[in-house]
Amino acid sequence: MLDRKLVLAALVLIAAVFLCGCTSDGGNDTGTEATTVAPTAPTESGTPATPEFLKIATTTSLDNTGLLESLKEVFEKDHDVTLQIIAAGTGKALEYGERGDVDVLMVHDRPREDVFMDNGYGINRRVFAYNYFMIVGPESDPAGIAGMVPEDAFVSLYEQAQTNPDVVVVSRGDNSGTHAKEKAIWASAGYNYTTAIAGSGDWYVEGGQGMGATLQMANELQAYTVSDSGTYLAYQGDIDLVPLVDEGDILLNVYGAMMINPEKFSYVNAEMAKEWINFLITPETQQMIADFGVEEYGQPLFFPALGNYEILGVPAEETEQPIP
């Protein structure tokens, strides 16, 4: 256990240095992004034109995989706008929306999205993509969970961790959509997350980081973690972890986009927000989503929502009806 504690302490220290000292232009897990804006060209009157921006708070999985960057390039070119992306967990993204700090949310936690919408902060939600969560871990699988249903796998992880020091779980621990899904699986498995899981021992590590960083931490510790399939595929060449549990209805991972309500925050860029969300659900963009990652990874990182509303359990208009 001493060696694992030393590794964990080193990882936390590195993460703290990274969080305090670094920002980047995408692919980051810190929940922040430094955006460099080029000088604007003067208008015919000689006065610099006011640049147009669209601020988007998004999950780290959409950012880490590179999907959002590929869509961003196409949209900016066609709409003469600069997208400012803040990559964070769903919980933090919803906070940005509640404060009116952004124009659009792209998140993946339907229960909290529903509350956000019901409270009047969001409007015009459209579901644009989905993939699946999976439980990944060391190939040696000391807890023996390979092929189990998710709930049974969590029971085994908990029970085995009490006596086997090789069984360690790394959690996002950041109130993200992935963290919410993990807590939902614990609940479905019969555990009270707050009293039985969180802070219950060295076997359960709360990383407090984005999906890519969580996978890397789990890899260093040879631990188990919950990941969306897209981010796992994007990182699989750099880690030794393998998918062990990837089937079960509870593992469905649905991504939705919504505008921030201009009736609450009059200054939001509602018109461009509408353009962005309508862009996401066009057949052309849906095909881009379907094709993304296939050439590099041999399979898509995400699936398009268009035509799949029955799988997603949402009304058809949420996947295909443009915002008027």
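Look up: the structure comes first, before these words.
Every value quoted in this text rests on a predicted model; they were computed, and no experiment measured them. Position labels on residues start from 1 in each chain and follow its written sequence. Predicted model: local features are reported for residues with pLDDT of at least 70 only, side-chain atom pairs are reported and counted for 80 or more only, and whole-chain, interface and lining totals are derived from all residues. Side-chain metrics rest on all non-hydrogen atoms present in the structure, leaving aside hydrogens and water.

1. Re helix 11 (residues 270–280)
Thought 1: Where burial is concerned, most of helix 11 is hidden: eight out of the eleven residues are buried.
Thought 2: Buried within helix 11 are the following residues: Met272, Ala273, Lys274, Trp276, Ile277, Asn278, Phe279 and Leu280. Partly exposed residues are those whose accessible area sits between 20% and 50% of the maximum for their type, while under 20% is buried and over 50% is exposed, using a 1.4 Å probe and protein chains only. Strands are runs of DSSP state E lasting at least 2 residues, helices are runs of H or I lasting at least 4, and numbering of each runs from the N terminus.

2. Regarding the packing of aromatic side chains
Thought 1: Pairing of aromatic side chains here covers Phe, Tyr and the six-membered ring of Trp, requires ring centres within 6.5 Å, and sorts the geometry by plane angle: under 30 degrees stacked, over 60 edge-to-face, intermediate tilted. Counted by the stated rule, this structure contains 17 aromatic pairs.
Thought 2: Where Phe75 meets Trp276, the ring centres are 5.0 Å apart and the plane angle is 85°; that geometry is what we call edge-to-face. One end of the pair, Phe75, is in helix 3 (residues 67–79); the other, Trp276, is in helix 11, with 201 residues separating them in the sequence.
Thought 3: Residue Phe75 is classed as buried on the basis of its relative accessible area, which comes to 0%.

3. Side note on the side chain of Asp228
Thought 1: Mapped onto the fold, Asp228 is located in strand 7 (residues 225–228).
Thought 2: Just so you know, the count uses Lys and Arg for positive and Asp and Glu for negative, and it drops His and the chain ends. Salt bridge, as applied in this entry: a Lys or Arg side-chain nitrogen positioned within 4 Å of an Asp or Glu carboxyl oxygen. Buried within the structure, Asp228 lacks any salt-bridge partner; its nearest side chain of opposite charge belongs to Arg172, at an N-O separation of 5.8 Å.
Thought 3: Polar contact is defined as a pair of N or O atoms within 3.5 Å, subject to the rule that within protein one atom must be able to donate a hydrogen and the other to accept it, and that residues adjacent in sequence are counted only when both atoms are side-chain atoms. Within the local environment of Asp228, its side chain forms a polar contact with the backbone nitrogen of Gly230, the two atoms lying 3.1 Å apart.
Thought 4: If we ignore the near neighbours within four places in the chain, the residues touching Asp228 are Ser61, Asn131, Tyr132, Phe133, Met211, Asn253 and Tyr255. It only takes one pair of heavy atoms within 4.5 Å for two residues to be counted as in contact.

4. A look at the environment of Ile277
Thought 1: Assignment of secondary structure puts Ile277 in helix 11.
Thought 2: Separated by 151 residues in sequence, Ile277 and Arg126 have C-alpha atoms that sit 7.1 Å apart.

5. Observations concerning unusual backbone geometry
Thought 1: A positive phi angle, close to 45°, is found at Asp141, a residue other than glycine.
Thought 2: With respect to the helices, strands and loops of the structure, Asp141 is situated in the loop between strand 4 (122–137) and helix 6 (150–161).
Thought 3: The phi dihedral of Asn175 falls on the positive side, at around 65°, and the residue is not glycine.
Thought 4: Tracing the backbone through its elements, the reader meets Asn175 in the loop between strand 5 (169–171) and helix 7 (177–188).
Thought 5: Here Asn175 falls in the partly exposed class, since its relative accessible area comes to 36%.

6. Observations regarding the pattern of salt bridges
Thought 1: Evaluation of the coordinates by the stated rule reveals eleven salt bridges.
Thought 2: In this structure, Glu318 and Arg110 form a salt bridge, with 3.0 Å as the shortest nitrogen-oxygen distance. In this pair, Glu318 is assigned in helix 15 (residues 317–320) and Arg110 in helix 5 (residues 110–118), connecting sequence segments 208 residues apart.
Thought 3: On the basis of relative accessibility, which here comes to 29%, the residue Arg110 falls in the partly exposed class.
Thought 4: Arg125 serves as the salt-bridge partner of Glu113, at 3.5 Å between the closest nitrogen and oxygen. You can see Glu113 sitting in helix 5 and its partner Arg125 sitting in strand 4, a full twelve residues away along the chain.

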